[in-house]
Amino acid sequence: MPELSDLDIKYLPGVGPKRAELLARELGIRSYRDLLYYFPYKYIDRSKTYRISEINGSMPYIQLRGRIISYTTQGEGARRRLIATFSDGTGTIDLVWFKGIRYVTERYKTGVDYTLFGKPTLFNGRYNIAHPEIDLVDDIIDKNIGLQGYYTTTERMKSAFVNSKTLHKMIYSLWNSIHGPLEETLTPEVIERARLMGINEALCYIHFPRTIDDMRRAQFRLKFEELFYLQLHILRYARMRTRNIGGFRFARIGEYFNRFYSEILPFSLTDDQKQVLRDIRADVGSGRQMNRLLQGDVGSGKTIVALMTALMAIDNGYQACIMAPTEILAAQHYESISEMLMPLGLRVELLTGSRRKREREPILAGLASGDVRILIGTHALLEEGVVFNNLGMVVIDEQHRFGVAQRAKLWSKNTIPPHVLVMTATPIPRTLAMTVYGDLDVSVIKQLPPGRKPIQTLLQYDNKRAQLNASLRRQLQMGRQVYIVYPLIEESEKSDMKSLLEGFETVKKTFPEYTVSMVHGKMKPVEKEEQMQRFVRNEAQIMVATTVIEVGVNVPNATVMVIENAERFGLAQLHQLRGRVGRGGEQSYCILMSRYDLAQDTRKRLEIMAETNDGFIIAEADMRLRGPGDMEGTQQSGIAFELHIANLAQDGQILQLARDVAQEVLEKDELLELPRNYTLRKELNRNYGKKVNWGQIS
Ligand code: ADP
Ligand code: MG
């Protein structure tokens, strides 16, 4: 038997070249193996066929078999509906359609045997099933089946008559054409350790389970396997890196660090900040390269940690750079950091894309000579012309905007890769962190600096604008500043821009006694900067903006954040925006303005915001509501989200087990060289061998 991955799907009976092309284009299925690994997204219990006479008040989705006896329509216009009388000899039930009446009557004939699925409900004393799923009775499949798997198909496939049932049949015929068992894809140790089904059973039951228990166990095995190889890949990479790559050893805490700590630092550090610095200190003293992720909610005080980390490098004779995702944020870091370091006489420079050649040259020269000790900037730091004398520490702020590949680019800035501290204010659910950042060590700042009052978040509907304006005026009269944020989503950019500009005009008219700034992404950087600075200096009291202010901007006197059309933002983004206020000692507010008629999910999202300020709770909720693939940072990561069957939002426990087992395997055989781990090496290669490999970066 050749490898299933070498068998072209077009040779499978019932497929042929046309369907093969369709499967390849729509689902990426090219080989027998691809099809076998295309799993159902849901199952319906078909092991039991009910009789109509058995139907009672509380039934879930059930299966019936019988014939349509007649069709009638009732009602007029929008209320018109089609009703079919369906009989199985024990009684009759009404089938009801509110849409697609013509299609239904043409497609489903009277007097033909059908299997039908649906949920019966009682209406006017009679049971009916609205929009049932109807299939021709198919004896081959129907007789053998327990649970029926449902497969995702696309519109294109459906119009070419390849639906879930067609796929199911193809897989059925594929499964029956395989002679002899498939090769096991995990080792006996792993199978035993995690108490898994064998691969043959699992593949059979994932498609053709007899019972729910079969299905669950098959899913468990396949999810485990997927997560196991992912973790094995990440962990092996991380171990090889620490094994192969040395790092600069920062032997001492020196004068700059100590002077900063005792003479300059304007507050005492929180316990969490101290702990993070201890973690970092241990890393950089170890002789291995540091790769640490620092998670801390907005306002938790990460900047000071970044700065003090940079000082550790400087004390040991190295340069440091701090990279931010936007020009505004880079500029803000530059200002606060260069001001704080002034007494130490260290040269700090700012390098962003908008810097002119004339301004760049002296900076680049200073970098090359080692005179510039800290370089702060944006992506511009990654450019080839930026050459350091001796870069020892890289701090990446707001990591979720930087991909793994970009992280890697920075390493090439020195012959020995510098230490890397990645900071993010987007709390990442643990399961996600174990995958996206699975190769990093993690520190967390949970505490906010003392004296902060929790931000109060209120939901308000658009029709309460007068009330909103009154409370804004009260805050302004107390000398506070206000942000008003509008969505600007690319797809509806024009109308969004219009509502932003209109909003700006309205705000100016409503508050003539105050000055209003505006920033949005379409402005020139200088202009943006100027508007921003007016707000920072309190020359403007109101800032109308798009999400460009989302990241990092720090104006402690701003106490109100109004978010217009809040329903259009994701949770993580709302949380980021909210973090722009509550940075001083005053009570701050976040007001989420929205339409009244919200979809349930959307309302839920906004309610979560009102209920909690805890970024981790919000992140977990966000992942549950949206699924991990949409989480910020996951697209760029390039891994993990091609998960076929596992779901990071739901399979946290399986993930943990998979990670533990992978760790155990590597403890005993770091390079997977032992003969008994041959299978693991082979599968790892199959899964991750060809992809862009950050394993090669080192
Ligand atoms: P973020 O983690 O969002 O980057 P910042 O580093 O911008 O937070 O810190 C937010 C504010 O808190 C800044 O004004 C900073 O000076 C202040 N801050 C940081 N640490 C402390 C502390 N230990 N005590 C008091 N204020 C602090
Ligand atoms: Mg910050």
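Everything quoted here is computed from the prediction, not taken from an experiment.

Here is what the cut-offs are and how they apply
- Residues numbered from 1 in each chain as written.
- Chains lettered and ligands numbered in written order.
- Predicted model: local features only at pLDDT ≥ 70, side-chain atom pairs only at ≥ 80, totals over all residues.
- Heavy atoms only, no water.
- Pairing = 2+ DSSP bridges.
- Helix = DSSP H or I, 4+ residues; strand = E, 2+ residues; numbered from the N terminus.
- Axes fitted to C-alpha atoms, helices over the stretch in contact; angles between N-to-C directions.
- Contact = heavy atoms within 4.5 Å.
- pLDDT = per-residue confidence, 0-100.
- Core = buried A, V, L, I, M, F, W, Y, C linked by side-chain atoms within 4.5 Å.
- Buried < 20%, exposed > 50% of the residue type's maximum accessible area, 1.4 Å probe, protein only.
- Salt bridge = Lys/Arg side-chain N within 4 Å of Asp/Glu carboxyl O.
- Near = heavy atom within 4 Å.
- Polar contact = N/O pair within 3.5 Å; in protein donor to acceptor, adjacent residues only side chain to side chain.
- Areas by Shrake-Rupley, 256 points an atom, 1.4 Å probe, with all protein chains shown as cover.
- Nonpolar A, V, L, I, M, F, W, Y, C, P; charged D, E, K, R; others polar.
- Domains from an automatic or database assignment.
- Buried area = accessible area lost by both parts, 1.4 Å probe.
- Phe/Tyr/Trp six-rings, centres within 6.5 Å; stacked < 30°, edge-to-face > 60°.
- Right-handed = clockwise from strand over helix to strand, strands pointing away.
- Parallel < 35°, antiparallel > 145°, perpendicular 65-115°, else oblique.
- Left-handed = near helix turned anticlockwise from the far one by under 90°.
- Expected span 1.5 Å × (residues − 1).
- Arc of directions from axis to C-beta.

Student: An account of the sheet that holds strand 17 (residues 456-461) is requested, with residue identities and associated values reported.
Tutor: The six strands lie next to each other as 17-22-21-18-20-19, forming an open sheet whose pairing is parallel. In this open sheet, the two strands that pair with only one neighbour each are strand 17 and strand 19 (516-519). Neighbour-to-neighbour, the strand axes of the sheet open up by a mean angle of 20 degrees, direction not taken into account. As defined by bridge partners, strand 18 (residues 481-485) adjoins strand 20 (residues 542-545) across four bridges and the pair is classed as parallel. Looking at the pairing, Ile-484 lines up with Val-544 of strand 20. Set on the sheet, helix 18 (residues 493-510) makes contact with strand 18, strand 19 and strand 20; between it and strand 19 the angle comes to about 170 degrees. Against the sheet, helix 21 (residues 600-611) engages strand 17 and strand 22 (589-594), with an angle of about 145 degrees to strand 17.

Student: Talk me through the confidence of the model for the protein chain; I want residue IDs and the actual numbers.
Tutor: When pLDDT is averaged along the protein chain, the result is 87, and 91% of the positions lie at 70 or above. A low-confidence stretch, residues 631-641 stays under pLDDT 50, and its non-local contacts, those more than four residues away or across chains, total 36 contacts. Every residue in residues 692-698 scores below 50 in pLDDT, and together they form eleven contacts with partners more than four places removed in sequence or on other chains.

Student: Quick rundown of the environment of Thr-435? Include the residues and the values.
Tutor: One can find Thr-435 in helix 16 (residues 430-436). For the pair Thr-435 and Arg-278, spaced 157 residues apart in sequence, the C-alpha separation works out to 25 Å.

Student: So what's going on with the nonpolar core? Residues and values would help.
Tutor: Residues Leu-186, Phe-224, Phe-228, Leu-232 and Leu-375 are the most contacted members of the largest nonpolar core, which totals 51 residues. The element best represented in this core is helix 9 (residues 212-244), accounting for eight residues. Apart from residues lying up to four places away in sequence, Leu-186 is in contact with Ile-191, Leu-196, Arg-221, Phe-224, Glu-225, Phe-228, Tyr-229, Thr-679 and Leu-680. Judged by nonpolar contacts, the second largest core, of 45 residues, contains Phe-260, Val-276, Ile-314 and Leu-346.

Student: Break down the pattern of salt bridges for me, citing the residues and quoting the values.
Tutor: Scanning the model with the defined rule gives 35 salt bridges in all. With a shortest N-O distance of 3.9 Å, Lys-682 and Glu-3 are connected by a salt bridge. Residue Lys-682 is found in helix 25 (residues 678-688), and its partner Glu-3 is found in the segment before helix 1 (16-27); the two are separated by 679 residues along the sequence. By relative accessible area, Glu-3 is classed as partly exposed at 35%. Taking the shortest distance from any N to any O, the salt bridge between Arg-595 and Asp-597 comes out at 3.2 Å. Several salt bridges share partner residues, and in doing so they unite Glu-3, Glu-183 and Lys-682 into one network.

Student: Give a description of the site of ligand 1 that names residues and reports values.
Tutor: In the vicinity of ligand 1 there are 16 residues, among which Gln-273, Gly-299, Lys-302, Thr-303 and Arg-452 approach most closely. Here an oxygen atom of ligand 1 and a backbone polar atom of Gly-299 are 2.6 Å apart. Side-chain polar atom of Arg-452 to an oxygen atom of ligand 1: 2.7 Å apart, as the coordinates give it. For ligand 1, whose free accessible area comes to 570 Å², the fraction covered by protein is 83%. Of the residues assigned to the shell around ligand 1, the class counts are four nonpolar, eight polar and four charged.

Student: Give me the sheet that holds strand 11 (residues 319-323): which residues, what numbers.
Tutor: As summarised here, the arrangement of the seven strands in space is 12-13-11-14-15-10-16, forming an open sheet in which the pairing is parallel. The open sheet has two free edges, formed respectively by strand 12 (348-351) and strand 16 (441-445), since each of these has just one partner strand. Direction aside, the axes of adjacent strands within the sheet are offset by 20 degrees on average. Where strand 11 lies against strand 13 (residues 374-377), four bridges are found, and the strand directions are parallel. Within strand 13, the residue paired with Ala-320 across the bridge is Ile-374. Running at roughly 175 degrees to strand 15 (residues 419-424), helix 12 (residues 302-315) makes contact with strand 10 (291-296), strand 11, strand 13, strand 14 (391-397), strand 15 and strand 16 of the sheet.

Student: Hey, could you go over the domain arrangement of the protein chain for me, with residue numbers and the actual values?
Tutor: Taken domain by domain, the protein chain consists of domain 1 (1-46 + 145-180), domain 2 (48-144) and domain 3 (456-612). Put simply, the middle of domain 1 and the middle of domain 2, counted by C-alpha atoms, are 28 Å apart. Contact residues are listed per partner, giving eleven residues for domain 1 and 14 residues for domain 2. When the buried area of domain 1 at its contact with domain 2 is split by residue, Arg-46, Ile-145 and Lys-165 rank highest and sum to 51% of it. Here domain 1 is connected to domain 2 by zero salt bridges. Here domain 1 is connected to domain 2 by one residue pair in polar contact (both at pLDDT 80 or more).

Student: Describe the packing of aromatic side chains, naming the residues involved and giving the relevant values.
Tutor: The tally for this structure, following the rule as stated, stands at ten aromatic pairs. Ring centres 5.7 Å apart and planes at 15 degrees place the aromatic pair Phe-224 and Phe-228 in the stacked group. Pair noted here: Phe-224 and Phe-228 are both in helix 9, with a separation of four residues, about one helical turn. Accessibility expressed as a relative area gives 0% for Phe-224, which makes it buried. The class for Phe-228 is buried, based on a relative accessible area of 0%. Centre to centre, the rings of Phe-228 and Tyr-229 are 5.2 Å apart; their planes meet at 75 degrees, and the pair counts as edge-to-face. Residue class for Tyr-229 comes out buried when judged on its relative accessible area of 1%.

Student: Summarise the pairing of strand 22; cite the residues concerned and give the values.
Tutor: Among the six residues in strand 22, five count as buried, and that is most of the element. Examined bridge by bridge, strand 21 (residues 558-563) and strand 22 share four bridges and lie parallel to one another. Within strand 22, the position partnered with Val-560 by the bridge is Tyr-589. With helix 20 (residues 571-578) bridging strand 21 and the parallel strand 22, this β-α-β connection has right-handed handedness.

Student: An account of the packing of helix 12 against helix 13 (residues 327-341) is needed here, citing residue identities and associated values.
Tutor: Contact pair helix 12 / helix 13: the axes reach a minimum separation of 11 Å and the direction vectors enclose 55 degrees. With respect to each other, helix 12 and helix 13 are oriented oblique. Between helix 12 and helix 13 lies a crossing whose hand is right-handed. Contact residues: helix 12 offers Thr-303, Ile-304, Leu-307 and Leu-311, while helix 13 offers His-333, Ile-337, Met-340 and Leu-341. Partitioned by chemical class, the residues of the contact of helix 12 with helix 13 number six nonpolar, two polar and no charged.

Student: I'd like a rundown of the environment of Pro-266, residues and numbers included.
Tutor: With respect to the helices and strands, Pro-266 occurs in the loop between helix 10 (255-264) and helix 11 (271-285). Taking relative accessible area as the criterion, Pro-266 reaches 59% and is therefore assigned exposed. C-alpha separation for the pair Pro-266 and Tyr-205, spaced 61 residues apart in sequence, amounts to 63 Å.

Student: Any details on helix 18? Residues and values, ideally.
Tutor: The end-to-end C-alpha separation of helix 18 is 25 Å, in line with the 26 Å expected for 18 residues at 1.5 Å each. All of the buried residues along helix 18 are Asp-496, Met-497, Leu-500, Gly-503, Phe-504 and Val-507. Buried residues of helix 18, seen end-on, are gathered within an arc of 120 degrees and therefore sit on one face of the element. Of the exposed residues in helix 18, those oriented more than 90 degrees away from the buried face are Lys-494, Lys-498 and Lys-509.

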